[in-house]
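# Understanding the architecture of this molecule
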Amino acid sequence: MAIKFQKSDKPIKIEGAHDMPPMPAALGSMLFNKTGSWRNVRPVIDYDKCIKCFICWKFCPEPAIKIVDEKPVIDYDYCKGCLMCVEECPKDAINEELEGK
Amino acid sequence: MKKTMMGNYAASWGAQLSRVQVIAAYPITPQTLIVEKLSDIVADGELKAKFIKVESEHSAMAACIGASSTGARAYTATSAQGLALMHEMLHWAGLARLPIVMANVNRAMAPGWSIWADQNDSLSQRDTGWMSIFSSSAQDILDSTIISYKVSEKVLLPTLISFDAFFLSHTVEVVDMPEQELVDKFLPPYKPEYKMDVNDPRSFGALTDEQYYYEFRYKMQEAMDQAIDVIKETCREYEEITGRHYDLIHAYRCEDADMIMVTSGTIAETTNVTVDTLREEGHKVGNLQIRYIRPYPKKDILAAIGGAKKLAVIDRNISPGYSGIFSQELKSALYNEIDIPVRSYIAGLGGRDVKIEDIKDIAYNALEHDEPNDLIWKGVKK
Ligand code: SF4
Ligand code: SF4
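Residues numbered from 1 in each chain as written. Chains lettered and ligands numbered in written order. Predicted model: local features only at pLDDT ≥ 70, side-chain atom pairs only at ≥ 80, totals over all residues. Heavy atoms only, no water.

### Overview of the site of ligand 1
Taken together, C50, I51, K52, C53, F54, C56, P72, C89, P90 and I94 of chain A make up all the residues around ligand 1. Here the residues of the shell around ligand 1 sort into nine nonpolar, no polar and one charged. (Near = heavy atom within 4 Å. Nonpolar A, V, L, I, M, F, W, Y, C, P; charged D, E, K, R; others polar.)

Now the structure itself:
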C-alpha cells in the first residue's frame, strides 16, 4: 500500500492559529519525531532462540515490531524500550542491552 | 409524512434520516428507547450502520470519537448519570473537533435516584466545547438532529440535543417526517478534510505544548462564533424544504411585551400557552425561548428583549450556591447592554410538573415586583 504524505518529512513552520488545522492533527509528524530516543534499554532478538510466534509483535504497544521476511524485526527508531516484548516472549529470546551514551 | 411518535423515537428517526453510520451506546439504565429503536432499525436492515454495544457511556463516546475521526457520521444517546460518565470524552470530542451528534434526555442527577426531567445533567457539560440545544417538541428533536449534523460538519463542533424526560421523551406527538430524498439533498455524506486514514497518515491528539494548545482553544472559540451564522443559514435552508422555522432562540409575542419570560425545554411550550391567557387578561407579556445555550445567542437575545421593562427567567436547573443557570447567562449577557430587572425562578426540578397555573403565578409575581431578586423557589414545600 502506497503511503503518501502531503507535506515533507520536516516539521511544518507554523506562525499562528491560521496555519493550524482545527484540531491537533499533524501531517506525518511521527516521521521526524523519533521516539526511539526515549529508550534506556534496548531489546535485542536472539534469532537462534526465536520460534516466530509473533507474540512480541502482537504485544508491542508502539507498535515498533514489524514482520520482515517472516521474522520479527524491531524498529529502533520507534522502540521506546518498555520491554513488554521481553516480558511476553515465551522463549526468552529477547535480550536486554543497556543503551550506551 | 405525518406520524405519531414519542420524543425518544423522534430522536431515533432523526438519526436514521441523517444516515448515521456508527451508533455506539450503552444499552442499560440510564439509557432510553432512543438507541433501542435504532438497534431495531439497524437489525432490520433499514439503516446501513454499525451498532456498537459498549460497556459504559464513557466507552460509547470513545467509540463515537474513533468513528468520527475516520470520517463516519457517529451518533449516540444518553441521559443524566450516563452523560456525566462521558464527561472526559466530551472534552475530547470537542477539542478533536468531531461533528458527533448526541441526544440527551434531561433527567435529574442522582441521588435520590430519578428518571424525571431536570436540566442539570446537560448544563453540567456546558463548557466541553459542544454546541448545546434544548428542544421543546418531538418535531424539534427530529429536525434538530438533521440540522445539527449539517451545522456540526461545517463548523467541526459536536452537538448535544437535550429534551425533558417524560414530558417530551415519552409523550406521543404528531411529527412530520421529511422524505429521505429531501434529507439526502439537504445533508450530503460527511467528507472531512482531516480524518484518520491509513493511506494518508497523521498523528491525532498528540502532545501539544503551550506553543500551540492556546491557539487550538482560540480556534474553537472562533468556530463557536461562526456557528451562530451557520446555524441561522442552515435553519433557513431547512425551512425552504420543510416549511418549519428554527433559530437559536424563539421569541413568542415579545415585540410589544413589557415583561418577557425567559424559558427553555418543555416549560417554554407551556409558557407560550400561558402568555396567550395572560394577554387575554390584558398583561403585555412575551416568552423568549432559549434553544441554544452554546453558542450563546447574545445578540439575538438582546434584540428580542428590545424595549421590555422586566425579565423573568424560569430555570429547571440550579447551580447550587448561586442560582439558575439560564438566569446567570442572561444576566451576564445584559450587563453593560440593557439595564432592566431580571427576576429568577427555579421550578420543576426532578420532574415536578410546571403547569400553566404555576407559570401564571410566576408571571404575576414578576409583574408585581420591580426589584431584581436572587432566587424564588416556585412551589417548594418549605
Ligand atoms: S515472542 Fe519471542 S519467540 Fe515469539 S516471535 Fe517474538 S522474539 Fe520470537
Ligand atoms: S521494548 Fe517495548 S517498544 Fe520496544 S519493541 Fe519491545 S515492546 Fe516494542
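Next comes the rest of the account.
### Quick word on the packing of helix α7 (residues 138–155) of chain B against helix α9 (residues 213–242) of chain B
All names here are of chain B. Interhelical geometry of α7 versus α9 gives an angle of 135° and a closest axis separation of 9 Å. With respect to α9, the element α7 is oriented oblique. Along this stretch, α7 crosses α9, giving a crossing that reads as right-handed. Two secondary-structure elements touch here, α7 through D143, I146, I147, K150, V151, K154 and V155 and α9 through A223, A227, V230, I231, E233, T234, C235, E237 and Y238. Considering only residue class, the contact of α7 with α9 consists of 10 nonpolar, one polar and five charged. (Axes fitted to C-alpha atoms, helices over the stretch in contact; angles between N-to-C directions. Helix = DSSP H or I, 4+ residues; strand = E, 2+ residues; numbered from the N terminus. Parallel < 35°, antiparallel > 145°, perpendicular 65-115°, else oblique. Left-handed = near helix turned anticlockwise from the far one by under 90°. Contact = heavy atoms within 4.5 Å.)

### Notes on the interface of chain A and chain B
Taken residue by residue, the interface counts 20 residues in chain A and 21 residues in chain B. Counting the contacts that link chain A with chain B gives zero salt bridges. The interface formed by chain A and chain B holds five residue pairs in polar contact (both at pLDDT 80 or more) in total. In terms of residue class, the side of chain A that touches chain B is made up of 15 nonpolar, four polar and one charged. (Salt bridge = Lys/Arg side-chain N within 4 Å of Asp/Glu carboxyl O. Polar contact = N/O pair within 3.5 Å; in protein donor to acceptor, adjacent residues only side chain to side chain.)

### A closer look at the sheet that holds strand β15 (residues 342–346) of chain B
Residue and element names in this part refer to chain B. Ordered by their spatial adjacency, six strands build an open sheet running β10-β12-β11-β14-β15-β16, and the pairing between neighbours is mixed. At either end of the open sheet lies a strand with only one pairing partner, and these are β10 (249–252) and β16 (376–377). In this structure, strand β14 (residues 310–315) lies alongside β15, joined through five bridges in parallel fashion. Of the residues in β15, the one forming a bridge with L311 is V342. Strands β10, β11 (259–263), β12 (285–290) and β14 of the sheet are contacted by helix α10 (residues 265–280), whose axis makes an angle of about 170° with β12. (Pairing = 2+ DSSP bridges.)

So far we have only geometry, and geometry alone does not tell us how the molecule works.
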